[in-house]
Amino acid sequence: MAAAPLAYRVVASKGAEVLDVEVRGATVPLTLDAPALPYATVTSDGGTAFRYRFRLGDAARELDSRKWAFADGDGLYAAPSTWLMRPDTVAPGDRFTLEVLTEPGTSFVTGLHRASPDAGTYEGPVWALGDAPWSGFAPFTLLRDELTGAVVETAIAKGKLTLTPEQVRAWVRRSVALVGAYYGRFPVPRVAVMVLPCKGDGICFGTAMGNGGAAVLVWLGADADVDTVMKHDWVLPHELTHFALPNLSPRYSWLEEGAATYVEPVVRTRRGELSVDAFWRQMLEKLPLGLPEKGDRGLDRTPTWGRTYWGGALFLFVADVELRKKGSSLDAALKGIVAAGGTQEVRWELEQTLAAGDAATRTHVLTALHQKLGAAPGDVDLPALFKQLGVALVDGQVRYDERAPLAKLRRELVAPEPK
Ligand SMILES: [Zn+2]
């Protein structure tokens, strides 16, 4: 029989400078990661509840780290792993509930699942508490959407922005819809998108976090306009694409980053945001950055920027071509991984992930390609592949050869979606 869930009740005061936490149902000692420990003070460990105070404001200003906690504008941001003391031993079926009470004017937003659609209580597996998705305490503007199979909670932090909250919402909707279009539906049932202002006219940075839920932090330039976010932004679609693969060991970051790096321009081209020329120019110019350099030890053991992002994209591009030659596609393989439960909410082994994609396409393309490129540099002849596809850069222009053996495959790869 499953144990009663571990029940957290958090009262945030002075904004969220101070969190008073009550824990019920803990049967083993509770702990925090070492950097967060100095900010927690046990206030009562007698009776049925364990109570402690966490100085989130001090932690955010002193640690000032996206991994642990940071302050931005009027908000404090930290994964719950930083401020929720958790059991040092966890059984697979153990669950927790989390209730957070804030003062008027401060909202709590988290990637963790709500216990019920409108409840201010969240819940999840205890194992996820070690690396739970982003959470923020701030005077947010909150917007809620349901589209392409997901509840999307957008939280806009205070600060100077050219875009109105409705325009920010349209940007989030557009980005969720792009990812939903590739995968048939959005890969996870709920996502929290926290939008923080930054300087400039672009999108400064984004980061995604799963494990028992899904959250994105994205920094939007104060001067960014509608065209920038609706036509040119690749950052938010990239981050949202991350939810369509499981958490893998850091050794396999190339698959997580490669999938986001490859799927984002594919789907933006199919939906008409990028021209076909712009897509192939990006592949012709950027995929070579993913080729092994001298001394390379394979994708699993060469964690450089080029190999992680573009080496990973190259893996998926080659897989897409191989699968299409066999009458399937990378779309089918990646959808198959999601359909088997392999989203960012869970942790999987690489072998299980690739096998799920192979099962969906009734091939061994992903597993075989990893055997070739994972532990050794491998030998992808990219110029020969582009020649077979009939695409080249000539005098700075993208040129096509419709008599090339794989010209039809090349056209189908980014063909517009049927209306
Ligand atoms: Zn990424």
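Conventions we followed
Residues numbered from 1 in each chain as written. Predicted model: local features only at pLDDT ≥ 70, side-chain atom pairs only at ≥ 80, totals over all residues. Heavy atoms only, no water. Pairing = 2+ DSSP bridges. Helix = DSSP H or I, 4+ residues; strand = E, 2+ residues; numbered from the N terminus. Domains from an automatic or database assignment. Contact = heavy atoms within 4.5 Å. Buried area = accessible area lost by both parts, 1.4 Å probe. Salt bridge = Lys/Arg side-chain N within 4 Å of Asp/Glu carboxyl O. Donors = N, O, S within 2.8 Å, 3.2 Å for Na, K, Ca; no water. Buried < 20%, exposed > 50% of the residue type's maximum accessible area, 1.4 Å probe, protein only. Polar contact = N/O pair within 3.5 Å; in protein donor to acceptor, adjacent residues only side chain to side chain. Axes fitted to C-alpha atoms, helices over the stretch in contact; angles between N-to-C directions.

(A) Here's a closer look at the pairing of strand 19 (residues 391-394). As paired elements, strand 19 and strand 20 (residues 397-400) share 4 bridges and run antiparallel to each other. If you follow Leu393 over to strand 20, its bridge partner there is Val398. In textbook terms, the turn of a hairpin is the stretch between consecutive antiparallel strands, and for strand 19 and strand 20 this stretch comprises 2 residues, one of which, Asp395, has a positive phi near 50°.

(B) A look at the domain arrangement of the protein. Parsing the protein into structural domains produces domain 1 (1-137), domain 2 (140-244) and domain 3 (250-413). Each partner contributes residues to the interface: domain 1 has 24 residues there, and domain 2 has 25 residues. Buried area between domain 1 and domain 2, summed over both chains or domains, comes out near 2,100 Å², and the portion from carbon and sulfur atoms is 62%. Applying the counting rule to domain 1 against domain 2 returns 1 salt bridge. Here Arg114 and Glu153 are joined by a salt bridge, their closest N and O atoms 2.8 Å apart.

(C) Highlighting the coordination of the zinc ion. Protein coordination at the zinc ion: the donors are His238 (NE2), His242 (NE2) and Glu257 (OE), at 2.0 to 2.1 Å from the metal. Sequence spacing among the residues donating to the zinc ion works out to H-x3-H-x14-E.

(D) Spotlight on the environment of Ser253. With respect to the secondary-structure elements, Ser253 resides in helix 6 (residues 253-270). Overall, the relative accessible area of 27% leaves Ser253 in the partly exposed class. For the pair Ser253 and Gly312, spaced 59 residues apart in sequence, the C-alpha to C-alpha distance is 8.2 Å. In this structure Ser253 touches Gly258 and Thr308, once residues within four positions along its chain are discounted. Within the structure, Ser253 has its side chain in polar contact with the backbone oxygen of Pro250 (distance 3.0 Å).

(E) Just unusual backbone geometry, in detail. The residue Thr148 is not glycine, and still its phi comes out positive at about 45°. As for its placement among the helices and strands, Thr148 is situated in the loop between strand 14 (141-147) and strand 15 (150-156). Positive phi outside glycine occurs at Arg362, with the angle close to 50°. Within the element layout of this structure, Arg362 appears in the loop between helix 10 (350-361) and helix 11 (365-373).

(F) How the structure looks around the sheet that holds strand 17 (residues 203-209). Strand order in this open sheet of 5 strands is 14-15-16-18-17, and the pairing throughout is mixed. Strand pairing shows two members of the sheet lacking a second neighbour, strand 14 and strand 17, which therefore form its edges. This sheet shows a mean twist of 15° between the axes of neighbouring strands, independent of strand direction. Summarising the sheet, strand 16 (residues 190-198) and strand 18 (residues 215-221) pair through 7 bridges and their orientation is parallel. Within strand 18, the residue paired with Met194 across the bridge is Leu217. Against the sheet, helix 3 (residues 165-183) contacts strand 14, strand 15, strand 16, strand 17 and strand 18, and its axis sits at roughly 35° relative to strand 14.

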